[in-house]
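Secondary and tertiary structure notes
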Amino acid sequence: MRVRSLLGSAVSMVLVVFGFAAAPAGAAAAAQPKGAMAVVDKGPVGWDVYRRWDRMAAMRPGAQTRQFSSFDRTGGNNDGFDGTYSCLRQSGDGCVIAERSGPGQIDSMWFTRDFGSMVRTGRIKVELDGITVLDAPLQDVVDGRLGAPFVWPLVGNGDDTAGGAVIKVPMPYRESMRVTTAANPLFYHVTYREFADADGVSTFDPRDPAQDVVDRLRAYGLRDPKSPAGPAVSTVEDARAAGSWSVALAGSGWINQVRVRIPSVVASPRVGDDGRAFGAGGSSTFRIAVDPRNQGVRISRRLDPHIGQQRARLIVDGQQVGTWDSGAAQPIGGWANQTIEVPAALAAGKSRLSVRNEFISSSLDVNEFRYDVHSRVNGDWLRTDVVDVGPGHPGDERAHDYAITAQNWQGYRVFRYPVDAAELTRSDAVLAGARLRITFDGQTTVDAPIGEFFGGSGLGEYDTRTLMSAMDTAPDGWYTSWWPMPFAESATVALVNDSGVPIGDVSIEATFAADPSVGAALRAGALGYFHATHQPMAHTVDGRDWTFLEATGQGVFYGVTHTMRGDIPSGNRRNYLEGDERVYVDGARTPTLHGTGTEDFYESGWYFRDGTTYTMPLAGNPAYELDGDGCRYDCTGAYRLMLGDAVSFSSALRFDIEHGPANDAPAFYSSTAYWYGTPAVLLTETDLLDVSDDASRAAHDYRATGETRAALQSTFEGRNDRLPVSHGVASATGPIEFTLTTRRDNAGVRLLRMSDQSTGYQRADVYLGDTLVGEWLQPLANPHSRWLEDTFELPAALTAGKSTLAIRIVPSPGSPPWSAAQYRVLTRAAN
């Protein structure tokens with residue numbers, strides 16, 4: 001590949017009606033007029049991943065999500081400890097970890113080693129379409145030292161993610177991609193999409209800072225990422241009912257926001273956090289975001305009150321607004337919060353405030369762990385910023401221009417807030433037993449406990465911020481969801497209390513945007529309904545994966561909230577985290593994604609750095625309990641959102657995760673999966689060529705040059721890696737020709753090949769008749785589980801109107817023999 005470089009009290013239900021905002025500055029070219037429902041079947045490409053929220057519900061038949069990773073090819077647990085399976089091959093630049101031909105997009109990269117330090121991996125090099133778009137030390141990249149767009153939270157290091165390293169910059173390409181690291185990276189995932197064609201795809205340009213995307217992601221869990229705007233019309237309904245509240249909507253459009261507030265629920269007491277302290281003559285400074293509509297702002301500080309007599313001036317925009325005063329020293333092991341209100345006259349009309357804390361006096365120093373900022377808008381306190389202080393939040397500190405002088409301490413503490421045990425038990429029962437149920441056009445597709453749906457955890461009320469939801473644990477805080485939810489005619493939002501615990505006053509708010517084009521798009525199958533599919537708490541079964549979602553039809557899987565209660569009394573009580581995720585799409589027996597561990601899937605590492613909690617826009621571990629608070633042994637709450645790397649399917653999806661290294665660690669699991677879908681099956685098998693069967697060869701006019709035929713008994717990777725499969729297989733060094741049957745009214749065809757992957761880098765040109773479609777490159781190799789099913793897309797532009805396809809596959813010179821046991825024809829129906 002020739003390389004160039006570009007581097008240089010009563011229940012209230014509020015229905016607010018408005019539309020999506022215009023695209024941010026710099027994104028005008030990507031904007032879609034309100035109401036336009038033209039479908040781009042690849043899903044959002046490039047920065048549209050974070051700009052085109054109207055496409056979240058759109059189906060993606062023209063894209064397949066895949067992954068390269070370091071998973072143990074034997075089915076064991078050596079997923080990167082010594083790097084045995086980390087390199088696809090060695091090149092002059094080092095260890096090639098991902099390589100494909102054809103159009104697509106790298107959507108997510110994750111790494112870990114050395115407890116979250118990437119220094120020994122050296123440089124990472126990303127080549128797209130023969131262009132070097134990234135070539136720098138991996139540690140510098142994830143530290144954000146390259147500048148936008150490679151800044152937090154589009155990148156994150158081992159401190160930001162509690163042990164991992166992530167790159168979430170979407171990098172599209174038209175012809176090819178390759179990712180190389182100078183040294184073996186040990187543990188890694190590279191998740192990407194394959195496109196059926198290059199229409200609408202432009203090669204990633206690293207010179208575009210995408211500052212609007214950076215700003216939007218930095219407000220995760222604080223503001224609706226869809227940025228709704230415009231005049232609002234509110235309809236308020238009051239209702240009082242025993243255990244159930246609901247509101248009905250009519251028309252065609254979107255639910256853009258759902259909020260719930262239950263004042264009787266108390267926050268879980270155990271909180272781990274890192275912080276800093278400054279001594280005499282010292283200070284800390286930072287900037288905070290507020291709502292310009294505010295009628296006042298409050299700033300709340302988390303502190304360690306074991307240090308007594310902490311006093312510091314709080315200065316906002318140059319004016320002292322109060323004094324922090326911790327009072328007498330408290331026993332060690334407890335947290336305290338203090339709040340100071342900023343006068344409305346000082347904050348009104350402003351979107352940013354400068355904050356300075358100045359040392360006055362203390363028995364030792366003034367410590368600070370976190371600041372929560374709320375703006376009072378129309379009588380309601382809305383959280384508008386969080387400043388998480390400490391060495392474990394370098395990205396957050398830089399984003400707020402945080403600075404400290406006369407620092408004399410930094411570190412991590414796991415302390416508790418004072419909470420009555422009986423009250424905590426009741427609260428946990430409410431979060432697990434009260435359910436959010438949403439019905440669209442007569443179908444209930446959302447039915448999940450509010451703790452998992454809103455909070456990223458089913459363990460209790462833990463402060464959580466994700467890109468699509470938030471749980472504010474302030475006494476007057478809201479649980480908020482920003483998933484866009486389309487419906488054609490009607491929708492009902494209900495809160496049903498099945499917990500058996502009275503919950504008193506509840507506030508529910510749903511925000512609705514009218515859009516008459518949504519109904520037609522849903523009926524045509526261009527849009528899917530939003531689902532939140534809950535798997536109730538159950539004990540894991542030895543030898544069997546936990547299934548987040550098993551669905552038929554077409555859809556797009558966007559993520560999951562996962563509650564894990566380990567059932568291991570001694571030894572490695574976190575062994576359940578050794579389980580890998582495995583994803584099966586459209587009937588293929590080989591997983592298209594195969595991970596390296598549970599905390600790796602949640603984009604962290606090393607058991608979340610031994611229990612360190614964290615949140616990022618797309619992944620986090622907001623809850624960890626140990627030997628108490630309703631947790632018998634060791635319990636974890638985590639979430640993962642997949643935007644660009646969302647998994648699309650056209651006939652079926654199974655998304656699993658192991659529990660333990662061999663599905664053998666006992667635990668109690670529950671989960672809630674977020675996805676969009678319709679029941680229509682768009683991909684069906686219309687032909688099968690069995691290369692080992694003479695009759696099938698004759699029926700398909702099969703011919704091959706330099707062919708060798710043999711019998712093979714081996715296994716597929718994934719959940720059936722202990723189930724032998726016997727079948728004949730052929731390999732050829734010269735051209736292979738055959739004919740296949742499809743439907744004349746097809747909207748594209750997928751070839752699904754079953755082959756022997758004992759040798760990697762099988763490479764061939766694929767022709768349809770005399771037309772070169774592209775190169776089929778399969779770099780994967782596995783001498784242990786040798787059976788592989790991979791795919792090649794024949795775009796509709798070449799297959800439409802044809803019922804017979806003349807296929808010619810020409811192995812590339814110098815590549816290993818082309819292997820095949822079967823070719824299945826999966827024909828796509830038009831929506």
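The model shown is predicted, which means the values in this text are computed figures rather than measured ones. (Residues numbered from 1 in each chain as written. Predicted model: local features only at pLDDT ≥ 70, side-chain atom pairs only at ≥ 80, totals over all residues. Heavy atoms only, no water.)

1. Here we look at the nonpolar core
This is how the line gets drawn: By nonpolar core we mean a set of buried residues, namely Ala, Val, Leu, Ile, Met, Phe, Trp, Tyr and Cys, connected to one another through side-chain atoms within 4.5 Å. Type-normalised accessible area, obtained with a 1.4 Å probe on protein chains alone, sets the label of each residue: buried when under 20%, exposed when over 50%, and partly exposed for intermediate values. Segments assigned H or I by DSSP are reported as helices when at least four residues long, segments assigned E as strands when at least two residues long, and all are numbered from the N terminus. Note on contacts: a residue pair is in contact if any heavy atoms of the two residues lie within 4.5 Å.
Counting residues in hydrophobic clusters, the biggest one holds 146 residues, and the most contacted among them are Ile-167 and Met-171. Ranked by residue count, the leading element in this core is strand β45 (residues 667-678), at 6 residues. Leaving out residues up to four positions away in the same chain, Met-171 has contacts with Gly-104, Gln-105, Ile-106, Met-109, Val-126, Leu-128, Val-133, Phe-150 and Phe-204. Judged by nonpolar contacts, the second largest core, of 24 residues, contains Ile-299, Ala-312, Val-355 and Val-389.

2. Structural notes on the state of the cysteines
Test applied: Counting rule for disulfides: a pair of cysteine sulfur atoms within 2.5 Å.
Within this structure, the stated rule accounts for 2 disulfides. The disulfide partner of Cys-87 is Cys-95, and the gap between their sulfur atoms is 2.1 Å. Taking the sign of the S-S torsion, about -120° here, the bridge from Cys-87 to Cys-95 comes out left-handed. Its relative accessible area of 23% is what places Cys-87 among the partly exposed residues. One disulfide bridge connects Cys-631 with Cys-635, the sulfur atoms lying 2.2 Å from each other. Sign of the S-S torsion, about 95° for the bond between Cys-631 and Cys-635, identifies this disulfide as right-handed. For Cys-635, a relative accessible area of 1% gives the class buried. Within the protein chain, bonded cysteines paired by disulfides and numbered along the sequence follow the pattern 1-2, 3-4.

3. What about unusual backbone geometry?
Residues Ala-148 and Pro-149 are joined by a peptide bond in cis, for which omega reads 10°. Its place among the elements puts Pro-149 in the loop between α1 (138-143) and β9 (155-156). For the bond from Trp-152 to Pro-153, the omega torsion is 5°, close enough to zero to count as cis. In this structure, Pro-153 sits in the loop between α1 and β9. Not every positive phi belongs to a glycine, and Asn-378 is a case in point at roughly 50°. When you line up the elements, Asn-378 lands in the loop between β24 (370-377) and β25 (380-388). With a phi angle near 45°, Arg-609 is a residue other than glycine that sits in the positive phi range. Tracing the backbone through its elements, the reader meets Arg-609 in helix α9 (residues 606-611).

4. Quick look at the pairing of strand β53 (residues 771-778)
Every other side chain in a regular strand lies on the same face of the sheet, so the side chains alternate between the two faces. The criterion, for reference: DSSP bridges decide pairing: two strands pair if at least two such bridges lie between them.
Where strand β52 (residues 762-768) lies against β53, 7 bridges are found, and the strand directions are antiparallel. Residue pairing for β53: Leu-768 is matched across the bridge by Thr-771. From the end of β52 to the start of β53, which pair antiparallel, there are 2 residues, and Gly-769 there has a positive phi angle of about 65°.

5. Observations regarding the packing of aromatic side chains
Put simply, the test is: Only Phe, Tyr and Trp rings are paired, with Trp represented by its six-membered ring, and only when their centres lie within 6.5 Å; those with planes under 30 degrees apart are stacked, over 60 edge-to-face, the remainder tilted. Here, a charge over a ring means that NZ of Lys or CZ of Arg falls within 6 Å of the ring centre while also lying within 35 degrees of the ring normal.
Tallying each qualifying case throughout the model produces 34 aromatic pairs. Taking 6.1 Å as the distance between ring centres and 40° as the angle between the ring planes, the aromatic pair formed by Phe-454 and Tyr-479 counts as tilted. With a gap of 25 residues between them, Phe-454 in helix α6 (residues 450-455) and Tyr-479 in strand β31 (residues 479-481) connect regions that are remote in the sequence. Of the two residues, Phe-454 and Tyr-479, both sit in the buried class. Every member of this aromatic cluster is reached through a ring pair, and the members are Phe-453, Phe-454, Tyr-479, Trp-483, Phe-530, Tyr-558, Tyr-674 and Tyr-676. Stacked on the ring of Trp-776, the Lys or Arg Arg-753 has its end atom at 5.1 Å from the ring centre.

6. Let's talk about the side chain of Asp-634
How we decide: Between N or O atoms, a polar contact is any pair within 3.5 Å; within protein, one atom must be a potential hydrogen donor and the other a potential acceptor, and residues adjacent in sequence are included only when both atoms are from side chains.
Note on placement: Asp-634 falls in strand β42 (residues 631-641). Asp-634 sits in the buried class, given a relative accessible area of 2%. There is a polar contact of 2.5 Å between the side chain of Asp-634 and the side chain of Tyr-576. Once residues within four sequence positions are removed from consideration, Asp-634 is found in contact with Met-564, Arg-565, Gly-566, Arg-573, Arg-574, Tyr-576, Tyr-624, Glu-625 and Leu-626.

7. Describing the environment of Arg-100
As for its position among the elements, Arg-100 is in strand β5 (residues 94-101). Judged by relative accessible area, Arg-100 falls into the buried class, the value being 8%. Separated by 38 residues in the primary sequence, Arg-100 and Gly-62 have C-alpha atoms spaced 17 Å apart. With residues near it in sequence (within four places) discarded, Arg-100 still touches Phe-68, Tyr-173, Glu-175, Ser-176, Met-177, Tyr-192, Glu-194, Leu-777, Gln-778 and Pro-779. Separated by 2.3 Å, the side chains of Arg-100 and Glu-194 make a polar contact.

8. Considerations on the pattern of salt bridges
Which entries qualify depends on this criterion: Any Lys or Arg side-chain nitrogen located within 4 Å of an Asp or Glu carboxyl oxygen qualifies as a salt bridge.
Tallied over the entire structure, the rule returns 64 salt bridges. Linking Glu-707 and Arg-697 is a salt bridge whose minimum nitrogen-to-oxygen distance equals 2.7 Å. With Glu-707 in strand β48 (residues 707-714) and Arg-697 in helix α10 (residues 694-699), this residue pair connects regions lying 10 residues apart in the sequence. Judged by relative accessible area, Arg-697 falls into the buried class, the value being 13%.

9. Digging into the environment of Leu-303
Within the secondary structure, Leu-303 is located in strand β18 (residues 297-303). Taking the C-alpha atoms as reference points, Leu-303 and Val-366, separated by 63 residues in sequence, lie 8.6 Å from one another. Not counting residues within four places of it along the chain, the set of residues in contact with Leu-303 comprises Gln-310, Ser-326, Trp-335, Ala-336, Asn-337, Gln-338, Asn-367 and Phe-369.

10. Here's the deal with the sheet that holds strand β39 (residues 593-594)
Read across the open sheet, the 4 strands follow the order β36-β44-β38-β39; overall the sheet is antiparallel. Each having just a single partner strand, β36 (546-552) and β39 make up the two edges of the open sheet. In terms of strand pairing, strand β38 (residues 581-585) meets β39 through 2 bridges, oriented antiparallel. The residue of β39 that forms the bridge with Arg-582 is His-594.

11. Observations concerning helix α5 (residues 421-433)
Rules: What a helix is expected to span follows from its residue count: subtract one and scale by 1.5 Å.
Here α5 contains 13 residues, and its C-alpha end-to-end distance of 18 Å stays within 8% of the 18 Å for a straight helix at 1.5 Å per residue. Those residues of α5 hidden inside the fold are in contact with β27 (434-440), β28 (443-449), α6, β31 and β33 (490-497). Among the residues of α5, the N-terminal cap falls to Asp-420, whose side-chain oxygen and the backbone nitrogen of Ala-422 are separated by 3.1 Å.

12. Focus on the pairing of β25
Judged by how many residues are buried, β25 sits mostly within the fold: 8 of 9 residues are covered. In this structure, β24 lies alongside β25, joined through 8 bridges in antiparallel fashion. For Val-373, the partnering residue across the bridge sits in β25 and is Asp-385. In this antiparallel pair of consecutive strands, β24 and β25, the connection spans 2 residues, and Asn-378 shows a positive phi of 50°.

13. Topic: the confidence of the model for the protein chain
In low-pLDDT regions, the fine details of the predicted coordinates are not to be read closely. Applicable threshold: You can read pLDDT as the predictor saying how much it trusts each residue, on a scale of 0 to 100.
When pLDDT is averaged along the protein chain, the result is 93, and 93% of the positions lie at 70 or above. Note on residues 1-40: pLDDT is under 50 here. Beyond four places in sequence and across chains, it has 123 contacts. Counting interchain partners and residues more than four positions distant, the pLDDT-below-50 stretch residues 229-240 has 28 contacts.

14. Regarding the sheet that holds β48
What counts, and what does not: What counts as an axis is a line fitted to C-alpha atoms, over the stretch in contact for a helix, and the angles between N-to-C directions run from 0 to 180 degrees.
Ordered by their spatial adjacency, 3 strands build an open sheet running β48-β49-β56, and the pairing between neighbours is antiparallel. Both outer strands of the open sheet, β48 and β56 (818-820), are each paired with one neighbouring strand and no more. The sheet shows a mean angle of 30° between the axes of neighbouring strands, taken without regard to direction.

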